[in-house]
Amino acid sequence: MEFDVIGIYLPPSGLIAARSGYEQGQISASRLKTIENEAVNDIVERQLECGLTVVTSGGIRWKHWNEDFFFGFSGISKECLNSGHVYSSETTFTDLMRFTGRISFNPSHPYLDDFKFLIDTVAGRAKCRHIIPSPTELYMQILLMSDGHPERIYPDAKKLVSDITDSYRKTIMKLYELGCRSIVFDDTVCGCLCESNFAKRLLQGGIDTISLQNILIDLINDSFAETPSDIEKAVYLSGGDIIVPEWEYIKYPDNIMPRILSEVNADKFFMPFNVTDDYSIEILNHVSPGKKIVLGLIDAHTPLADDKEAIVQFVEKAGRYINQASLAVGPKTGFNMSNYVSRGLDYNDQWSKIESLTAMIKNNNIILK
């Protein structure tokens, strides 16, 4: 059995300090860039040492996991809220999206330069993956910003979906030209729709969730359209802050997941699970033949050891629904999380977690029967 890691990592402490110094005006942007590059170099080498055959730059250059990518499109600008008072006990993001025109591909998108650096660093030693927020994230953000009426903030609401998918297709093709051979859509929207309170709020806001399902599936499929066959297309399905969605295998109209797993044209799905929830495994009934599943079973947000026996048992049960050749094991999510410090996780812990996972598989502790 294979192991696979989505590829979002904690930054080293030196980069955290440098970013703080930059925000306080103590170091220059060029110096920060140099330190970021050094951090990417180290993250690449660590992944290779762990035996990963698909590597990333770790997402360590991001400030916002989703909006930083959106800000790179033409037609979207970043407005910084730096005056007044924000009354909140938690960290508040003050970079807001504003639309200056229709969303379109930007040949100078900063993610492209970042990926060029990754390709040069890896130098052919592994396949290079890029992780970007799912197009469903951008659409849902616009929907929520406009109270379900995109025409209030977007120049041409009738072409919003096609503008998003066209921008994504062209960006993916450019990444492919640069050497990207694995693209992952990070998607929390579909997972959140599994949560009854979230769906209820949408309905109360006048949003037809059944029609929304059709739009979300089209957004993913149309964004992947025209992608060359030798680039792996994957979707990471999570429930956002709760990480593991409320997986429900029964195919009733409000349940989007059976449709996602059977209708989305992806090669692979990353799916987090709770190893004690046997019922949730049945969602795998809906996975189309030939698609790969990475079972997210390793806790990426604590340095504590995982229950290997429970993981082995869960994988064996999953093997009843998915062919062994199509299964892999990995962490439930990326390692980087805003409150990771409070959980006691540090930079080296994440590599220990991956090494433990690879050892568990290589020592044949996971064997499907």
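Residues numbered from 1 in each chain as written. Predicted model: local features only at pLDDT ≥ 70, side-chain atom pairs only at ≥ 80, totals over all residues. Heavy atoms only, no water.

**What about the overall build of the protein?**
Each helix and strand counted, the protein has 12 helices and 10 strands in total. Taking 369 residues into account, the globule formula puts the C-alpha radius of gyration at 21 Å, and the protein, at 20 Å, falls close to it. Based on the C-alpha atoms only, the size of the protein along its principal axes is roughly 55 × 50 × 45 Å. Expressed as a percentage of contacts within the protein between residues at least 6 apart in sequence, the contacts between residues at least 24 apart total 78%. Distance between charge centroids for the protein: 3 Å, based on 36 positive and 49 negative side chains. (Helix = DSSP H or I, 4+ residues; strand = E, 2+ residues; numbered from the N terminus. Rg over C-alpha atoms; globule rule 2.2 N^0.38 Å. Contact = heavy atoms within 4.5 Å. Lys, Arg positive; Asp, Glu negative; His and termini not counted. Charge placed at Lys NZ, Arg CZ, Asp CG, Glu CD.)

**Focus: the confidence of the model for the protein**
On average, the protein scores 91 in pLDDT, and the residues at 70 or more come to 93%. Note that pLDDT drops below 50 for residues 83–92; the model gives that stretch two contacts with residues more than four away or on any other chain. (pLDDT = per-residue confidence, 0-100.)

**Side note on the packing of aromatic side chains**
Across all of its chains, the model carries 15 aromatic pairs by this definition. Centre to centre, the rings of F69 and Y168 are 5.4 Å apart; their planes meet at 55 degrees, and the pair counts as tilted. With F69 in helix α3 (residues 67–71) and Y168 in helix α6 (residues 160–178), this pair connects stretches of sequence that are 99 residues apart. F69 sits in the buried class, given a relative accessible area of 0%. According to the relative accessible area criterion, Y168 is buried, its value standing at 0%. (Phe/Tyr/Trp six-rings, centres within 6.5 Å; stacked < 30°, edge-to-face > 60°. Buried < 20%, exposed > 50% of the residue type's maximum accessible area, 1.4 Å probe, protein only.)

**A word on the pattern of salt bridges**
Evaluation of the coordinates by the stated rule reveals 22 salt bridges. A salt bridge links E45 to R125; the shortest N-O distance between them is 2.7 Å. Here the residue E45 occupies a position in helix α2 (residues 29–49), and R125 occupies one in the loop between α4 (110–122) and β5 (127–133), the gap between them amounting to 80 residues. E45 gets classed as partly exposed once you look at its relative accessible area, which sits at 30%. Exposure remark for R125: the relative accessible area of 43% places this residue in the partly exposed category. Within this structure, R19, K33, E36, R61 and D114 form a network of salt bridges that share partners. (Salt bridge = Lys/Arg side-chain N within 4 Å of Asp/Glu carboxyl O.)

**Section: the sheet that holds strand β10 (residues 327–331)**
The sheet built from eight strands is open, its strands ordered β1-β10-β9-β8-β7-β6-β5-β2 with parallel pairing. At either end of the open sheet lies a strand with only one pairing partner, and these are β1 (2–3) and β2 (54–55). (Pairing = 2+ DSSP bridges.)

**Some remarks on unusual backbone geometry**
At A123, a residue that is not glycine, the phi angle is positive and equals roughly 55 degrees. Mapping A123 onto the fold places it in the loop between α4 and β5. In this structure, I243 is a non-glycine residue whose phi angle is positive, near 70 degrees. Mapped onto the secondary structure, I243 falls in the loop between β7 (232–237) and α10 (257–263).

**Examining a nonpolar patch on the surface**
A cluster of nonpolar residues, I250, Y252 and Y279, forms a patch on the protein surface that exposes about 280 Å² of accessible area. Summarising the element assignment, Y252 is placed in the loop between β7 and α10. Residue Y252 is classed as partly exposed on the basis of its relative accessible area of 38%. (Patch = residues over 30% accessible without salt bridge, like charges linked within 9 Å, V, L, I, M, F, W, Y side chains within 5 Å. Areas by Shrake-Rupley, 256 points an atom, 1.4 Å probe, with all protein chains shown as cover.)

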